[in-house]
Amino acid sequence: MSAPGLFGFFKQRRRAALRAQPLTEEERRWVSRAVHLWPALPPDDRHEIEATSRVFLAEKHIEGAAGLAVTDEMRWTIAAQASLMLLHRDTDVFPQLDTVLVYPHGFVVDAVHRDGPVVIAGPERRAGESWRDGLVVLAWDEVARDVRCHHGGHNVVLHELAHQLDAEDGAVDGAPDLGSRARFVAWARVLGEEYHALGERLASGAPSDIDAYGATSPAEFFAVVTEEFYERPAVLRARHPELYAELARFFQLDPAALEDPAPAR
Ligand SMILES: [Zn+2]
């Protein structure tokens, strides 16, 4: 057996042992609160999210910053939302992610944007960040607000972890690892069209149901529509059916059908 095979074997065995450990009542309550689709999920899916959450917590460092003491409730909330994104998918557990740094509040960064030839620099308020070197930064007040108010279409954990999925194929370009060239072509066509349509709507001053931040770059577009996919699936399916279908194929989940099994015609 080669070294990577041996390593993979031990990793699988360790994960299987973690997955077999049941959650306490309290942990189960935190997980169920963190995932707004929870009441609609079948028991097997709930169990998979619980089990993956335990693996996520065993393998990732979740650390407080700026004086925040991270509680178990915070850890399980973040892990549960991360695990929802892996449901039904034969994939690793965010292999590039090492540390989640949690700030008490949104933070201000010096941001630089390029808009054609114009470079705009200045302080910008952030709810989270995702870095290529295995770090995700979250503001706990934003995470807690997303848990309380599920239907705003926003979720900072899903957003930042979408960037991590995007990076798994080596490029943060709005396309995660889709498994085949044919899937990539379909993805690039649908998401490319929707991305350009969003930019045109915003440029003409028309209102948009997809957050304007998605027009910043294809990578931000994927992160923003991932939030919409889980947080407002029925709206996304009704207004952007092709986009919804691409996301449903990638995430192997049909959250609009779970939320509303028999939509009104
Ligand atoms: Zn982003």
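In the block above lies the structure referred to throughout.
Predicted model, so just to flag it, every value in this text is computed and none were measured. (Residues numbered from 1 in each chain as written. Predicted model: local features only at pLDDT ≥ 70, side-chain atom pairs only at ≥ 80, totals over all residues. Heavy atoms only, no water.)

**Let's talk about the side chain of Gln-164**
Turning to step 1, where the next piece is worked out: Here Gln-164 shows up in helix H6 (residues 156-167).
Turning to step 2, where the next piece is worked out: The exposure class of Gln-164 is buried, given its relative accessible area of 4%.
Turning to step 3, where the next piece is worked out: In terms of polar contacts, Gln-164 uses its side chain to reach the side chain of Ser-130, at 2.9 Å.
Turning to step 4, where the next piece is worked out: Not counting the four nearest positions on each side in its chain, Gln-164 is found in contact with Phe-94, Gln-96, Leu-97, Ser-130, Trp-131, Leu-135 and Val-136. (Helix = DSSP H or I, 4+ residues; strand = E, 2+ residues; numbered from the N terminus. Buried < 20%, exposed > 50% of the residue type's maximum accessible area, 1.4 Å probe, protein only. Polar contact = N/O pair within 3.5 Å; in protein donor to acceptor, adjacent residues only side chain to side chain. Contact = heavy atoms within 4.5 Å.)

**Description of the pairing of strand S6 (residues 135-139)**
Regular strands show a simple pattern: their side chains alternate between the two faces of the sheet.
Turning to step 1, where the next piece is worked out: Of all the 5 residues making up S6, 4 are buried; the element is thus mostly covered by neighbouring parts of the structure.
Turning to step 2, where the next piece is worked out: Note that strand S2 (residues 99-103) and S6 share 5 bridges and pair parallel. Among the inter-strand pairings, Thr-99 is bridged to a residue of S6, identified as Leu-135.
Turning to step 3, where the next piece is worked out: Alignment of strand S5 (residues 128-130) against S6, held across 3 bridges, turns out to be antiparallel. What sits directly across from Gly-128, in S6, is Leu-138. (Pairing = 2+ DSSP bridges.)

**Here's the deal with the side chain of Glu-220**
Turning to step 1, where the next piece is worked out: With respect to the helices and strands, the residue Glu-220 is situated in helix H8 (residues 218-231).
Turning to step 2, where the next piece is worked out: The residues touching Glu-220, leaving out its near neighbours within four places in the chain, are His-159, His-163, Tyr-213 and Gly-214.

**So, the pattern of salt bridges**
Turning to step 1, where the next piece is worked out: Scanning the entire structure with this criterion turns up 16 salt bridges.
Turning to step 2, where the next piece is worked out: One salt bridge connects Glu-246 with Arg-183, and the closest N-O pair in it is separated by 3.1 Å. One end of the pair, Glu-246, is in helix H10 (residues 241-251); the other, Arg-183, is in helix H7 (residues 181-203), and 63 residues separate them in sequence. Summarising the burial analysis for this pair, Glu-246 and Arg-183 share the class buried.
Turning to step 3, where the next piece is worked out: Between Glu-242 and Arg-189 there is a salt bridge, with the nearest N and O atoms lying 2.9 Å from each other. Of this pair, Glu-242 sits in helix H10 while Arg-189 sits in helix H7; the two residues are 53 residues apart in sequence, bridging distant segments of the chain.
Turning to step 4, where the next piece is worked out: A relative accessible area of 41% places Glu-242 in the partly exposed class.
Turning to step 5, where the next piece is worked out: One connected set of salt bridges, linked through shared partners, spans Lys-11, Arg-14, Arg-15, Glu-59 and Asp-92. (Salt bridge = Lys/Arg side-chain N within 4 Å of Asp/Glu carboxyl O.)

**Re the sheet that holds S5**
Turning to step 1, where the next piece is worked out: As summarised here, the arrangement of the 4 strands in space is S1-S2-S6-S5, forming an open sheet in which the pairing is mixed. At either end of the open sheet lies a strand with only one pairing partner, and these are strand S1 (61-64) and S5. When the angles between neighbouring strand axes are averaged without regard to direction, this sheet yields 15 degrees.
Turning to step 2, where the next piece is worked out: Two strands pair when backbone bridges link them, and S1 and S2 are joined in this way by 4 bridges, in the parallel orientation. From the neighbouring strand, Gly-64 faces S2, where its bridge partner is Val-102. (Axes fitted to C-alpha atoms, helices over the stretch in contact; angles between N-to-C directions.)

**Some remarks on the packing of aromatic side chains**
Turning to step 1, where the next piece is worked out: Counted according to the given criterion, the structure contains 12 aromatic pairs.
Turning to step 2, where the next piece is worked out: One aromatic cluster is present, built from ring pairs that chain together Trp-187, Phe-222, Phe-229, Tyr-230, Tyr-244, Phe-250 and Phe-251.
Turning to step 3, where the next piece is worked out: Lying across the ring of Phe-250, Arg-89 places its NZ or CZ 4.3 Å from the centre. (Phe/Tyr/Trp six-rings, centres within 6.5 Å; stacked < 30°, edge-to-face > 60°. Lys NZ or Arg CZ within 6 Å of the ring centre and 35° of its normal.)

**Observations concerning the environment of Asp-44**
Turning to step 1, where the next piece is worked out: Relative to the elements of secondary structure, Asp-44 occurs in helix H3 (residues 43-59).
Turning to step 2, where the next piece is worked out: Given the relative accessible area of 64%, Asp-44 is considered exposed.
Turning to step 3, where the next piece is worked out: Sequence separation between Asp-44 and Phe-94 is 50 residues, and the spatial gap between their C-alpha atoms is 21 Å.

**Section: the packing of H3 against helix H4 (residues 72-84)**
Turning to step 1, where the next piece is worked out: The contact between H3 and H4 brings their axes to 8 Å, and the two run at 120 degrees. At the point where H3 passes H4, the crossing takes the right-handed sense. Contact residues: H3 offers Ile-49, Glu-50, Thr-52, Ser-53, Arg-54, Phe-56 and Leu-57, while H4 offers Arg-75, Trp-76, Ile-78, Ala-79, Ala-80, Ala-82, Ser-83 and Leu-84.
Turning to step 2, where the next piece is worked out: For the contact of H3 with H4, the class distribution of residues is 9 nonpolar, 3 polar and 3 charged. (Left-handed = near helix turned anticlockwise from the far one by under 90°. Nonpolar A, V, L, I, M, F, W, Y, C, P; charged D, E, K, R; others polar.)

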